[in-house]
Amino acid sequence: MGDRRFGKGSPFSLPDSATGRGPAFTGRLPSAPGFWRSPVRGVRFTAVLGLILLAGLTLLFVTGLLSYAAYNPDLAPVNDKTPGKGLLGFYLFAWPTGPHWLYRLTQGLHVTVGIALVPVLLAKLWSVIPKLFVLPPVRSAGHALERVSLLLLVGGALFEFITGLLNIQLEYVFPGSFYPLHFYGAWVFFAAFLAHTGLKLPRAVRVLRGGRLEGSAPGEADELAAPDPALPTISRRGALAMTGGGSLLLLITSAGRSFDGPLRQVALLTPHGAAEPGPGPNGFQINKTAAAVGVTAADAGRDWRLTVSGPAGKIRLSREQLLAMDQHSAALPIACVEGWATSDQWWRGVRLRDLAALAGYPDRPPGVLVESVQRSGAFRKAALRDNQVRDPRALLALQVNGENLSLDHGYPARIIVPAAPGVLNTKWVTRLTFEAL
Ligand SMILES: Nc1nc2c(c(=O)[nH]1)N[C@H]1C(S)=C(S)[C@@H](COP(=O)(O)O)O[C@H]1N2
Ligand SMILES: [Mo]
């Protein structure tokens, strides 16, 4: 931020002899107090950014925990991407089926706010960077403890942002291991964040109550202000506006991923150059195409059958037989953990609870294990809870928006469940096993 523009040798800087400060003060090493000269730094600037992060990162943590709960990980091992969670799963609950846009909202917020907070996080780290180089590195046991907690705080924040951003941009970068990394990282980060908040919040509030953003009140200790500031090139207000502008730009270019139509066109930061869905009733975002997971037209051809099992035995149904059952419609979105979602699509097919009745559960159906014709891959199986099976909008969909499903959207049949993450909406379904899970 131009803090060295008026550095040593510029016509604006005073010689060391004139300031009466020795070489240790104006040194060229970042550990010298005079090295950091931006007049923007100061406790007030840091306090504003800190309070924004307090709200924003808390939202990210809560929506992140909700996303884990939404997978129903304690229902069946196939749903659990973090099986070693132990006590950290204490808060899990049965994910509801309404409102039908629930996961679209929580995960859209998680990813969109996460992206938009990047400039704020960077500005906050920039504002306190001189402290990283303070000498001696450790003054006392208490100071050592504080520095370790800061390492977890800053390291944790960077780790969470980097893993999150990589996952939404390049979905295959963490084969199977993104979930545990991001999950445990979140707990480590948030523990350090709570400790940091407890230590710093009272001061931040006091400092901001104290009035003006610019300058520093006479007599007030401001350990973040440059002792030897360069001439300002931007005010603190200007630097905050610039940070906010960056956030706004990111917000505009990423929020569109939660919508269809023209808004998606503005979502320049839209995830992974996924297959273009094309026009028509099936023209909405595709996560993985049939080709990408090795599902062929033959797998979904005339020999395809659905096997429904339960106390009534094993029933095999062709697509024609499914179409001959009662057909129901539901307007539901696909909402992916990567933060993109479609608007509501009109799905049509057989209610899961009607299939449960066929399998021998005429009333109060249990959960169901859903399996795809897909031979390998993390998402070929998923378990649904009883509340999901019972919801009248939960379908084994055969059609979407008035047309047969396309192969890429799961032809001959796919699951669609209200409020659930996309990952539970299994495509190319071939087996439904109703059982108390
Ligand atoms: N068999 C199978 N079903 C699947 C997947 C998959 O990889 N294989 N991906 C899931 C994920 S992660 C999402 S977000 C949705 C996306 O559905 P769409 O491609 O029709 O938009 O499908 C789900 N169903
Ligand atoms: Mo997904």
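Counting restarts for each chain, with residues numbered from 1 along the sequence as it is written. For this description, chains carry letters from A and ligands carry numbers from 1, given in the order in which they are written. In keeping with the predicted nature of the model, local features appear solely for residues at pLDDT of at least 70, side-chain atom pairs appear and are counted solely at 80 or more, and the whole-chain, interface and lining totals rest on all residues. Excluding hydrogens and water, the side-chain values take into account all heavy atoms of the structure.

A.B. asks: Could you give an account of the overall build of the chain, naming the residues involved and the relevant values?
C.D. replies: Each helix is a run of DSSP H or I of at least 4 residues and each strand a run of E of at least 2, with the numbering of both proceeding from the N terminus. A tally of helices and strands in the chain yields eleven helices and ten strands. Pairs of residues are marked as contacts when any of their non-hydrogen atoms sit within 4.5 Å. For the chain, the proportion of contacts with a sequence separation of at least 24, taken over those separated by at least 6, is 72%. All accessibility values rest on the Shrake-Rupley procedure with a 1.4 Å probe; residue burial counts only the protein chains present in the view. A total accessible area of about 20,300 Å² is found for the chain, and carbon and sulfur atoms account for 66% of it.

A.B. asks: Mind laying out the UniProt feature "transmembrane region" (unreviewed entry) in the chain, listing which residues take part and the relevant values?
C.D. replies: UniProt positions are given in the numbering used here, feature names are shortened, and annotations may be inferred rather than shown by experiment. When the UniProt feature table is mapped onto this chain numbering, "transmembrane region" (unreviewed entry) sits at residues 45-71, 109-129, 150-169 and 181-199. Taken as a whole, residues 45-71 contains 96% helix and 0% strand, while its terminal C-alpha atoms sit 40 Å from one another. Annotated as 90% helix and 0% strand, the span residues 109-129 places its first and last C-alpha atoms 29 Å apart.

A.B. asks: Before we move on, could you go through the environment of Ala436 and cite the residues and values that matter?
C.D. replies: Inspection of the secondary structure assignment puts Ala436 in the segment after β10 (429-435). Note on Ala436: relative accessible area 70%, which makes it exposed. Distance in space between the C-alpha atoms of Ala436 and Val368 is 7.7 Å, their sequence separation being 68 residues. We call a residue buried when its accessible area falls under 20% of the maximum for its residue type, exposed when it is over 50%, and partly exposed in between, using a 1.4 Å probe and counting protein chains only.

A.B. asks: Tell me about the site of ligand 1, and name the residues and values.
C.D. replies: Looking at ligand 1, there are 18 residues lining it, with Gln285, Gln374, His409, Arg414 and Lys427 nearest. Contact distances for ligand 1 include 2.7 Å between an oxygen atom and a backbone N or O atom of Asn287. Contact with the protein chains removes 99% of the 530 Å² of surface that ligand 1 exposes when unbound. Across the shell around ligand 1, the residue classes break down as seven nonpolar, eight polar and three charged. Only heavy atoms are used to decide nearness, and a residue is near a molecule or strand if one of them lies within 4 Å of it. Any N or O atom pair separated by 3.5 Å or less is treated as a polar contact, with the protein-specific requirement of one donor-capable and one acceptor-capable atom, and with residues adjacent in sequence counted only for side-chain atom pairs. Note that Gly is not counted as nonpolar here; it falls among the polar residues with everything else outside the nonpolar set of Ala, Val, Leu, Ile, Met, Phe, Trp, Tyr, Cys and Pro and the charged set of Asp, Glu, Lys and Arg.

A.B. asks: Kindly report on the sheet that holds strand β1 (residues 306-310), identifying the contributing residues and their values.
C.D. replies: For two strands to count as paired, DSSP must find a minimum of two bridges between them. Spatially, β2-β1-β10-β5-β6 is the arrangement adopted by the five strands of the open sheet, whose pairing is mixed. Because the sheet does not close on itself, it has two edges, and the strands there are β2 (313-317) and β6 (381-384). Each strand axis lies, on average, 15 degrees off the axis of its neighbour in the sheet, ignoring direction. Both β1 and β2 contribute to a ladder of five bridges, which runs antiparallel. Note on β2: the bridge partner recorded for Thr307 is Arg316. Convention adopted: a line fitted to C-alpha atoms gives each axis, helices being fitted over their contacting stretch, and angles between N-to-C directions are expressed from 0 to 180 degrees.

A.B. asks: Residues and numbers for the environment of Val417, please.
C.D. replies: By the secondary structure assignment, Val417 is in the loop between β9 (414-416) and β10. Looking at Val417, the relative accessible area reads 1%, which means it is buried. For the pair formed by Val417 and His100, sequence separation is 317 residues and the distance between their alpha carbons is 8.5 Å. Here Val417 is in contact with Leu332, Leu352, Leu384, Gln388, Ala394 and Asn425, once residues within four sequence places are set aside.

A.B. asks: Please give an account of the confidence of the model for the chain that cites residues and values.
C.D. replies: Of the residues in the chain, 90% have a pLDDT of 70 or more, and the chain-wide mean is 90. Predicted confidence is poor over residues 1-20, with pLDDT under 50, and the contacts of this stretch with residues over four places away or in other chains come to 30 contacts. Looking at any residue, its pLDDT shows the predictor's confidence there, from 0 to 100.

A.B. asks: Can you lay out the nonpolar core for me, pointing to particular residues and giving the numbers?
C.D. replies: Most often, soluble globular proteins keep nonpolar side chains buried together rather than apart. One finds Trp347 and Leu355 to be the most contacted residues of the largest nonpolar core, which totals 86 residues. Each domain span listed reflects an automatic or database assignment of domains. Counting only domains with at least three residues in this core, you end up with domain 1 (43-258) and domain 2 (291-434). Apart from residues no more than four positions distant in its own chain, Leu355 is found in contact with Val308, Leu317, Leu322, Met325, Val350, Leu396, Leu432 and Phe434. The criterion is simple. A nonpolar core is a set of buried Ala, Val, Leu, Ile, Met, Phe, Trp, Tyr and Cys residues joined through side-chain atoms within 4.5 Å. One finds Val43, Ala47, Ala204 and Leu224 within the second-largest nonpolar core, a separate group that totals five residues.

A.B. asks: Please set out the packing of aromatic side chains residue by residue, giving values where relevant.
C.D. replies: In summary, the pairing rule links any two rings of Phe, Tyr or Trp, Trp by its six-membered ring, whose centres are within 6.5 Å, and it sorts them by plane angle into stacked for under 30 degrees, edge-to-face for over 60 and tilted for everything else. One pass over the structure, following the stated rule, counts 16 aromatic pairs. Aromatic pair Tyr71 and Tyr179: ring centres 5.6 Å apart, planes at 65 degrees, arrangement edge-to-face. Residue Tyr71 is found in the loop between α2 (43-70) and α3 (102-116), and its partner Tyr179 is found in helix α6 (residues 178-209); the two are separated by 108 residues along the sequence. Looking at Tyr71, the relative accessible area reads 4%, which means it is buried. Between Trp95 and Tyr103 the ring centres are 6.5 Å apart and the planes differ by 80 degrees, which places this aromatic pair in the edge-to-face class. Among the residues examined, Trp95 registers a relative accessible area of 2% and is labelled buried. A relative accessible area of 1% places Tyr103 in the buried class. Among the aromatic side chains, those forming a connected cluster through ring pairs are Phe61, Phe90, Tyr91, Trp187, Phe189, Phe190 and Phe193.

A.B. asks: Tell me what's going on with the pattern of salt bridges, and back it up with residues and numbers.
C.D. replies: Salt-bridge detection follows one rule: a side-chain nitrogen of Lys or Arg within 4 Å of a carboxyl oxygen of Asp or Glu. What the rule picks out here adds up to eight salt bridges. A salt bridge links Glu223 to Arg203; the nearest nitrogen and oxygen atoms lie 3.0 Å apart. Highlighted residues: Glu223 in the loop between α6 and α7 (236-255) and Arg203 in helix α6, separated in sequence by 20 residues. We note a salt bridge from Asp391 to Arg393, for which the minimum N-O separation is 2.9 Å.

A.B. asks: Before we move on, can you summarise α3 with the specific residues and values?
C.D. replies: To estimate the expected span of a helix, subtract one from its residue number and multiply by 1.5 Å. With 15 residues, α3 extends 21 Å between its outermost C-alpha atoms, agreeing within 8% with the 21 Å of an ideal straight helix rising 1.5 Å per residue. Of all 15 residues that make up α3, 13 are buried, and the element is covered over most of its length.

A.B. asks: Outline the side chain of Lys124, supporting the account with residue identities and numerical values.
C.D. replies: Within the fold, Lys124 resides in helix α4 (residues 118-128). Charge convention: Lys and Arg are scored as positive, Asp and Glu as negative, and His as well as the terminal groups of each chain are ignored. Buried charge without a salt bridge: Lys124, with Glu223 as the nearest opposite-charge side chain at an N-O distance of 10 Å. If near-sequence neighbours (up to four positions away) are discounted, Lys124 is found in contact with Thr46, Leu49, Gly50, Leu53 and His196.

A.B. asks: An account of the packing of α4 against α7 is needed here, citing residue identities and associated values.
C.D. replies: Two elements in contact, α4 and α7, have axes whose closest approach is 8 Å; the angle formed by their N-to-C orientations is 155 degrees. Here α4 is positioned roughly antiparallel relative to α7, judged by the angle of their axes. For the pair α4 and α7, contact is made by Val118, Pro119, Val120 and Ala123 and by Thr243, Gly246, Ser247 and Leu250, respectively. Residue classes in the contact of α4 with α7 are distributed as five nonpolar, three polar and no charged. What sets the label is the angle itself: under 35 degrees gives roughly parallel, over 145 gives roughly antiparallel, 65 to 115 gives roughly perpendicular, and the rest give oblique.

A.B. asks: Residues and numbers for a nonpolar patch on the surface, please.
C.D. replies: Patch criteria: residues need more than 30% relative accessible area and no salt bridge. Like-charged residues are merged within 9 Å; nonpolar side chains of Val, Leu, Ile, Met, Phe, Trp and Tyr are merged within 5 Å. Residues Leu248, Leu251, Ile252, Phe259, Leu263 and Val266 make up a contiguous nonpolar surface patch of roughly 500 Å² in combined accessible area. Here the nonpolar patch gets three residues from one element, more than from any other, and that element is α7. Tracing the sequence through the fold places Leu263 in helix α8 (residues 262-266). Taking relative accessible area as the criterion, Leu263 reaches 45% and is therefore assigned partly exposed.

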